[in-house]
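Survey of secondary and tertiary structure
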Amino acid sequence: MLRFGLCCLFKEEAITFRTTTAKVLLIVPRDRQLLKLSEICLHNALNLKLSLETVQRLGIGAFRIMSPLFPRMTHPEIGYSLNILPDGETISSILEACRLFAADQQIRLSFHPDQFVVLSSPHPAVVANSIKELQYQAMLAKMVGADVINIHAGGVYGDKQAALLRFSDIYNCLPESVRSRLTLENDDVSYTPEDLLPFCKEHSIPLVYDVHHHRCNPDNLTVEEATEQAGATWKSLGREQHCHISSPKAGWGSGSPRPHADFIDQGDIPECWLNRVMTVDVEAKAKELAVVKLREDVCVILGLS
DNA sequence: GCATGTCAAGTTGTG
DNA sequence: CACAACTTGACATGC
């Protein structure tokens, strides 16, 4: 059975996540920084719990947790750990409650570090920051029980194979908490499923197949072939496949198809997905409304409503 | 109060 | 060569 996932935020539900900036924190003393960060982390932990309860109520089966749940945690000057925050213990206990709730309700949790995490970069400082960020997300993933930390292969720098070789050197040195969760996703400008599949097989890294990116940045594989072959990278590890879907805001005609629409167009749902067991993250601006609608649409298509 | 510009970080493609 | 697109809002600032 398909399960659909919500990405990070809600449109109509009264759930918010707070953040702050290094610039503002740096003008106050350390104890004031930690106080403010503690309030924000506590707020975000409580709202993560509320998010999980809400997706459960809406029949949504997966949730992507926003990267800055604990804002600026790995910043070189602001960085902190939970145990030095005034409310650190409370925050930890709320994350533990999230883990138990998600496990009990079978809500699959994932992370998607943003574009600054680049393991294929030729710049050592970029890679070092990326590893720090991945360790932070692995810590969160462990606390809440998330099994996926999904990233892109990064830049090409004129030579994809050389870039992937740099990636694998770094990958082999990552801590187990990161390696056991790390997945690769085809992107919409550089790396296609065909580029990544041999690499994923060789290193036993699951491939998150983004069908919208594949349509924006196609290769010789059909959607059916890419779905099946990406699925094999999960199956060989005994894990449930994870995919992404979105629809182009401007349609498939003139103009860039890359920006995401509010909802998923029924015509964009691959038919071969309908009877698979897998998680599909819905990348749509209308957030939970789009996930609920897609789920209803698929139920109608399958005659289950 | 409300509108607006800013925010740690990378890479690519466009204007 | 500079800047927007990825994705995206929340928040600080200034009127």
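Residues numbered from 1 in each chain as written. Chains lettered and ligands numbered in written order. Predicted model: local features only at pLDDT ≥ 70, side-chain atom pairs only at ≥ 80, totals over all residues. Heavy atoms only, no water.

1. So, the overall build of chain A
As a reminder, the rule being used: Strands here mean DSSP runs of E at least two residues long; helices mean DSSP runs of H or I at least four residues long; both are numbered from the N terminus. The size measure is the radius of gyration over C-alpha atoms, and the globule rule it meets is 2.2 Å times the number of residues to the 0.38 power. Partly exposed residues are those whose accessible area sits between 20% and 50% of the maximum for their type, while under 20% is buried and over 50% is exposed, using a 1.4 Å probe and protein chains only. In what follows, residue pairs with any heavy atoms lying within 4.5 Å of each other are defined as contacts. Note that accessible areas follow from Shrake-Rupley with a 1.4 Å probe, and for residues the cover is restricted to the protein chains shown. When charges are counted, neither His nor the chain ends are considered; positive counts come from Lys and Arg and negative counts from Asp and Glu. Taken as the charge location is NZ of Lys, CZ of Arg, CG of Asp or CD of Glu.
When helices and strands are tallied, chain A shows ten helices and eight strands. Against the 2.2 N^0.38 benchmark of 19 Å for 305 residues, chain A shows a C-alpha radius of gyration of 19 Å, consistent with a compact globule. Oriented by its inertia axes, the alpha-carbon framework of chain A measures out at about 55 × 50 × 40 Å. Considering chain A as a whole, with its 305 residues, one finds that 50% of them fall into the buried category. A fraction of 75% describes how many contacts in chain A between residues 6 or more apart in sequence connect residues 24 or more apart. Summed over its atoms, the accessible surface of chain A is roughly 13,700 Å², and 53% of this surface lies on carbon and sulfur atoms. A distance of 5 Å separates the average location of the 30 positive side-chain charges in chain A from that of its 37 negative side-chain charges.

2. Here's the deal with the pattern of salt bridges
Our working rule: Salt bridges, as used here, are contacts in which a Lys or Arg side-chain nitrogen is within 4 Å of a carboxyl oxygen on Asp or Glu.
Tallied over the entire structure, the rule returns 13 salt bridges. Glu-53 is the salt-bridge partner of Lys-49, the closest N and O atoms lying 2.9 Å from each other. Here Glu-53 and Lys-49 lie together in helix α2 (residues 30-58), a separation of four residues that amounts to about one turn. Judged by its relative accessible area of 22%, Lys-49 is partly exposed. For Arg-276, the salt bridge identified is with Glu-228, shortest N-O distance 3.0 Å. Taken together, the residues Arg-276 in the loop between β7 (241-245) and β8 (278-282) and Glu-228 in helix α9 (residues 223-235) connect sequence positions 48 residues apart. What makes Arg-276 buried here is its relative accessible area of 18%. For Glu-228, a relative accessible area of 48% gives the class partly exposed. One salt-bridge network, held together by shared partners, links Arg-3, Arg-108, Asp-147, Arg-239 and Glu-240.

3. With respect to the packing of helix α3 (residues 88-105) against helix α4 (residues 124-144)
Rules: Every axis in this analysis is a line fitted to C-alpha atoms, fitted for helices over the stretch in contact. Angles between the N-to-C directions lie between 0 and 180 degrees. Relative orientations are named as follows: roughly parallel for angles under 35 degrees, roughly antiparallel for angles over 145 degrees, roughly perpendicular for angles from 65 to 115 degrees, and oblique for any other angle. When residues are grouped by polarity, Ala, Val, Leu, Ile, Met, Phe, Trp, Tyr, Cys and Pro land in nonpolar, Asp, Glu, Lys and Arg in charged, and all others, Gly among them, in polar.
Remark: α3 packs on α4, axes separated minimally by 7 Å, with the N-to-C direction vectors making an angle of 60°. In terms of their interaxial angle, α3 and α4 are classed as oblique. The residues of α4 that touch α3, namely those facing Ser-92, Leu-95, Glu-96, Cys-98 and Arg-99, are Leu-140, Lys-142, Met-143 and Val-144. Among the residues making up the contact of α3 with α4, the classes are represented as five nonpolar, one polar and three charged.

4. Details of the protein's contact with DNA strand C
Put simply, the rule is: What makes a residue near a molecule or strand is one non-hydrogen atom of that residue sitting within 4 Å of it. Under the rule applied, a polar contact is a pair of N or O atoms within 3.5 Å (in protein, one hydrogen donor and one hydrogen acceptor; residues adjacent in sequence only if both atoms are side-chain atoms).
Around DNA strand C, the neighbouring residues are Phe-17, Arg-18, Thr-19, Val-24, Lys-36, Gln-115, Arg-258, Pro-259, His-260 and Lys-287. Among atoms of DNA strand C positioned within 4 Å of the protein, sugar and phosphate together represent 82%. At a separation of 3.2 Å, a phosphate oxygen of DNA strand C approaches a polar side-chain atom of Arg-18. Taken together, the residues of the surface near DNA strand C break down into three nonpolar, three polar and four charged.

5. Observations concerning the protein's contact with DNA strand B
For DNA strand B, the set of nearby residues contains 16 residues, the closest of which are Ala-22, Arg-72, Ser-121, Val-156 and Tyr-157. Counted by atom, the contact set of DNA strand B within 4 Å of the protein is 47% sugar and phosphate. Separating a phosphate oxygen of DNA strand B from a backbone N or O atom of Val-156 is a distance of 2.5 Å. One nitrogen or oxygen atom from the side chain of Tyr-157 is found 2.4 Å from a phosphate oxygen belonging to DNA strand B. Those elements giving two or more residues to the surface near DNA strand B turn out to be α1 (22-25) and α4. Split by residue class, the surface near DNA strand B holds six nonpolar, seven polar and three charged.

6. Brief notes about α4
Our working rule: The length a helix should cover is 1.5 Å for every residue beyond the first.
If you check α4, its first and last C-alpha atoms are 30 Å apart, about what 21 residues at 1.5 Å a residue would give, namely 30 Å. Residues of α4 that are buried: Val-127, Ser-130, Glu-133, Leu-134, Tyr-136, Gln-137, Ala-138, Leu-140, Ala-141 and Val-144. Positioned one or two residues after α4, Gly-145 has a phi angle of 80°, which is positive.

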